Amino acid sequence: IFEGEPGYIAPPLDGIWATAPYFHNGSVPNLTAVLDSSLRPSKWTRNFGSSEIDFEVLGWPYTEADEGNRTYNTELNGYGNQGHTFGDALSESERRAVLEYLKTL
């Protein structure tokens, strides 16, 4: 008999390049910003009428925005995009290699 365990079950990585936004709260619009925390926008929006994916950064094309009913504001409690800075230790070529690998999944 299967008995559940407390905790978080991470989703599989297959097709991750097409599953933006990222983090548990959807606060990061692309995988490039997941791997480099300095690129994470604090307030951003996207074209919700489009399903376009930016294959350079692996995620949604977005624009930085100050206000609006469709602006993601990472300064609000529960909407932050801080943390998960493991990719910051990678060189630019290492980050690019990880992104290229993720495209194959």
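The model shown is predicted, which means the values in this text are computed figures rather than measured ones.

Cut-off values and rules
- Counting restarts for each chain, with residues numbered from 1 along the sequence as it is written.
- Under the rules for a predicted model, residues below a pLDDT of 70 receive no local features and side-chain atom pairs below 80 are neither given nor counted, while totals for whole chains, interfaces and linings still include all residues.
- Hydrogens and waters are ignored; side-chain quantities use all the structure's heavy atoms.
- In DSSP terms, a helix is any run of H or I states spanning at least four residues, a strand is any run of E spanning at least two, and both are numbered starting from the N terminus.
- Per-residue accessibility, obtained with a 1.4 Å probe over protein chains only, is compared with the maximum for each type, and a residue is labelled buried under 20%, exposed over 50%, and partly exposed between these values.
- Contact between two residues is taken to exist if any of their heavy atoms lie within 4.5 Å; hydrogens are not considered.
- Note on areas: Shrake-Rupley, 1.4 Å probe, and residue coverage restricted to the protein chains presented here.
- Under the counting rule used here, the positive set is Lys and Arg, the negative set is Asp and Glu, and His together with the chain ends is not counted.
- In this description, the location of a charge corresponds to atom NZ of lysine, CZ of arginine, CG of aspartate or CD of glutamate.
- Here a helix's expected span is defined as the number of its residues, less one, multiplied by 1.5 Å.
- To be clear, the arc concerns the directions from the helix axis to the C-beta atoms.
- Counted as salt bridges are all cases of a side-chain nitrogen of Lys or Arg within 4 Å of a carboxyl oxygen of Asp or Glu.
- Between any two strands, pairing holds if DSSP finds at least two bridges.

Colleague: Can you walk me through the overall build of the chain in this structure?
Modeller: If you tally the helices and strands in the chain, you get 2 helices and 3 strands. When the elements of the chain are put in sequence order from the N terminus, they spell out α-β-β-β-α. Expressed along its principal axes, the backbone C-alpha trace of the chain runs to roughly 50 × 35 × 30 Å. Looking at the chain as a whole, 33% of its 105 residues qualify as buried. Across the chain, contacts joining residues at least 24 apart in sequence account for 58% of those joining residues at least 6 apart. Of the roughly 7,100 Å² of accessible surface on the chain, 55% is carried by carbon and sulfur atoms. Once the 7 positive and 15 negative side-chain charges of the chain are each reduced to a mean point, those two points are 5 Å apart.

Colleague: Would you mind showing me how to read helix 2 (residues 92-103) here?
Modeller: In an α-helix, one turn spans 3.6 residues, which is why side chains three or four residues apart end up on the same side. Here helix 2 spans 17 Å end to end across 12 residues, near enough to the 16 Å set by a 1.5 Å rise per residue. All of the buried residues in helix 2 are Arg95, Leu99 and Leu102. Relative to the axis of helix 2, the buried residues are bounded by an arc of 60° and lie together on one face. On its buried side, helix 2 packs onto helix 1 (31-35).

Colleague: Is there a simple way to explain the pattern of salt bridges in this structure?
Modeller: Two side chains of opposite charge can pair, provided their charged atoms sit close to one another. In this structure the tally under the stated criterion is 4 salt bridges. Linking Glu92 and Arg95 is a salt bridge whose minimum nitrogen-to-oxygen distance equals 3.0 Å. Here the residue Glu92 and the residue Arg95 both occupy positions in helix 2, the gap between them amounting to 3 residues, near one helical turn. With a relative accessible area of 53%, Glu92 lands in the exposed category. Taken together, the shared-partner salt bridges in this structure form one network comprising Arg96, Glu100 and Lys103.

Colleague: What should I look at first to understand the environment of Tyr79 in this one?
Modeller: Within the fold, Tyr79 resides in the loop between strand 3 (72-73) and helix 2. It is 9.7 Å that separates the C-alpha atoms of Tyr79 and Ser42, two residues lying 37 residues apart in sequence. Leave out the neighbours within four places in its chain, and Tyr79 touches Asn25, Ser27, Tyr72, Asn73 and Thr74.

Colleague: Before we go on, may I ask you to explain the sheet that holds strand 2 (residues 63-64) in this structure?
Modeller: Pairing between sheet strands relies on hydrogen bonds along the backbone, with the strands arranged either parallel or antiparallel. The sheet built from 3 strands is open, its strands ordered 2-1-3 with antiparallel pairing. Strand pairing shows two members of the sheet lacking a second neighbour, strand 2 and strand 3, which therefore form its edges. Pairing of strand 1 (residues 43-45) with strand 2, which is carried by 2 bridges, proceeds in the antiparallel orientation. Bridging across to strand 2, Thr45 finds its partner in Thr63.

No statement about biological role is implied by the geometric values presented.
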